[in-house]
Amino acid sequence: MLLRALPRLTATVVAWSLALTLGTAAGALAQALPKEEPAPPLPADYDAVARRAYAQGLGEARELMNAKRYDDAIARLDQLLAARPREPQARFLRAVALADLGRGEDAMASLRAIVADYPELPEPRNNLAVLYAAGGNYALARTELELALATAPDYAIAHENLADVYARLAVVHYERAAALDPRNRALPQKLKLSRDLIGVAR
């Protein structure tokens, strides 16, 4: 079962595409899944020239990430953030690069900082939830996804990820119930069905 995280960039559109496998360490990032989502808007004080230059810088960082040159991508994003330290697109892409490097804790810290500054943006919460889930923190993942959906009820990826988290939580609690009540004959079938749903064999 995959939880979908986010991004890759074009001029004004971010293609949110990183995928993480539930239950793996944050450093064990899975293959990309393409998914287009609108990017957070650039600040109103960007003129046309500044927008083009900024988009070019983001594009360069994306190309470096596609080439798996994550340290170089982070350095390029740091150049953009030196001038605009609160701008969410570069911060978000930097967090993805950190995750790609296996620096899950740093990525989560970056995403939490974006959420603190821009609580209305659902994409950072989605990615934060994916990283929580990758570390087995399903309750925290559920909370972030519910908050993402509170601000963006039509956010399909977050709905899918929340369903996956609920499925994983069902396995956890069925396992616990079976251990506590081994005579309950209904639990083994429920546990099997929930494991089948998330693709876990045992």
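The structure presented is a predicted model; accordingly, all values stated were derived computationally and were not measured.

Comments concerning the overall build of the protein
Okay, step 1: For the protein, the count of helices and strands is eight helices and four strands.
Okay, step 2: Reading the helices (α) and strands (β) of the protein from amino to carboxyl end gives β-β-β-β-α-α-α-α-α-α-α-α.
Okay, step 3: Across the 202 residues of the protein, 47% fall into the buried class.
Okay, step 4: Here the contacts in the protein between residues at least 6 apart in sequence split such that 53% fall between residues at least 24 apart.
Okay, step 5: For the protein, the accessible surface area stands at approximately 10,000 Å², while carbon and sulfur atoms represent 55% of it.

Considerations on the packing of helix α7 (residues 156-180) against helix α8 (residues 187-198)
Okay, step 1: Where α7 contacts α8, the axes come no closer than 9 Å and their chain directions differ by 155°. The angle between the axes of α7 and α8 places the two elements in the roughly antiparallel class. As for the relative orientation of α7 and α8, their crossing is left-handed in sense. Contact with α7, carried on its side by A167, R168, A170, V171, Y174, E175, A177 and A178, involves L187, K190, L191, S194, R195, L197 and I198 of α8 and no other residues of that element.

Here we look at the pattern of salt bridges
Once the charged atoms of two side chains with opposite charge are near each other, the side chains can pair.
Okay, step 1: In total, this model carries nine salt bridges according to the counting rule given.
Okay, step 2: Of the charged contacts in the structure, one is a salt bridge between R69 and D72, with a shortest N-O distance of 2.9 Å.
Okay, step 3: A relative accessible area of 44% places R69 in the partly exposed class.
Okay, step 4: When its relative accessible area of 35% is taken as the criterion, D72 is described as partly exposed.
Okay, step 5: The salt bridge involving D78 is made with R94; its shortest N-O contact spans 2.7 Å. On the criterion of sequence distance, the pair formed by D78 in helix α2 (residues 70-83) and R94 in helix α3 (residues 88-100) is long-range, its members being 16 residues apart.
Okay, step 6: Residue classification places D78 among the partly exposed residues on the basis of a relative accessible area of 33%.
Okay, step 7: A residue is classified by how much of its surface remains accessible, and R94, at 22% relative accessible area, is partly exposed.

A word on the environment of K192
Okay, step 1: For K192, the location among the structural elements is in helix α8.
Okay, step 2: Along the sequence, K192 and E175 sit 17 residues apart, while their C-alpha atoms lie 10.0 Å from each other.

Let's talk about the packing of α2 against α3
Okay, step 1: Interhelical geometry of α2 versus α3 gives an angle of 160° and a closest axis separation of 9 Å. Looking at the two axes, α2 sits roughly antiparallel to α3. Regarding α2 and α3, the two cross each other, and that crossing is left-handed. Along its contact with α2, which presents Y70, I74, L77, D78 and L81, the element α3 presents A90, R91, L93, R94, A97, L98 and D100.
Okay, step 2: Taken together, the residues of the contact of α2 with α3 sort by class into eight nonpolar, no polar and four charged.

Some words on the confidence of the model for the protein
Okay, step 1: Looking at the protein as a whole, its pLDDT mean stands at 80, while 76% of the residues score no less than 70.
Okay, step 2: A low-confidence stretch, residues 7-39 (pLDDT under 50), is modelled with 103 contacts involving residues beyond four sequence positions or located in other chains.

Regarding the nonpolar core
Okay, step 1: Ranked by size, the top nonpolar core spans 41 residues in total, and within it M65, L77 and L111 carry the most contacts.
Okay, step 2: For this core, the secondary structure elements donating two or more residues are α1 (48-66), α2, α3, α4 (104-117), α5 (122-134), α6 (138-151) and α7.
Okay, step 3: Sorting elements by how many residues they give to this core places α3 first, with eight residues.

Observations regarding unusual backbone geometry
Okay, step 1: The backbone of K68 sits at a positive phi, close to 65°, despite the residue not being glycine.
Okay, step 2: Within the element layout of this structure, K68 appears in the loop between α1 and α2.

Quick word on α5
Okay, step 1: With 13 residues, α5 should cover 18 Å at 1.5 Å per step; its first-to-last C-alpha distance of 19 Å lies within 8% of that length.
Okay, step 2: Of all the 13 residues making up α5, 13 are buried; the element is thus mostly covered by neighbouring parts of the structure.
Okay, step 3: Where α5 ends, the next residue or the one after it, G136, has phi of about 85°, a positive value.

Rules behind the numbers
- Residues numbered from 1 in each chain as written.
- Predicted model: local features only at pLDDT ≥ 70, side-chain atom pairs only at ≥ 80, totals over all residues.
- Heavy atoms only, no water.
- Helix = DSSP H or I, 4+ residues; strand = E, 2+ residues; numbered from the N terminus.
- Buried < 20%, exposed > 50% of the residue type's maximum accessible area, 1.4 Å probe, protein only.
- Contact = heavy atoms within 4.5 Å.
- Areas by Shrake-Rupley, 256 points an atom, 1.4 Å probe, with all protein chains shown as cover.
- Axes fitted to C-alpha atoms, helices over the stretch in contact; angles between N-to-C directions.
- Parallel < 35°, antiparallel > 145°, perpendicular 65-115°, else oblique.
- Left-handed = near helix turned anticlockwise from the far one by under 90°.
- Salt bridge = Lys/Arg side-chain N within 4 Å of Asp/Glu carboxyl O.
- Nonpolar A, V, L, I, M, F, W, Y, C, P; charged D, E, K, R; others polar.
- pLDDT = per-residue confidence, 0-100.
- Core = buried A, V, L, I, M, F, W, Y, C linked by side-chain atoms within 4.5 Å.
- Expected span 1.5 Å × (residues − 1).

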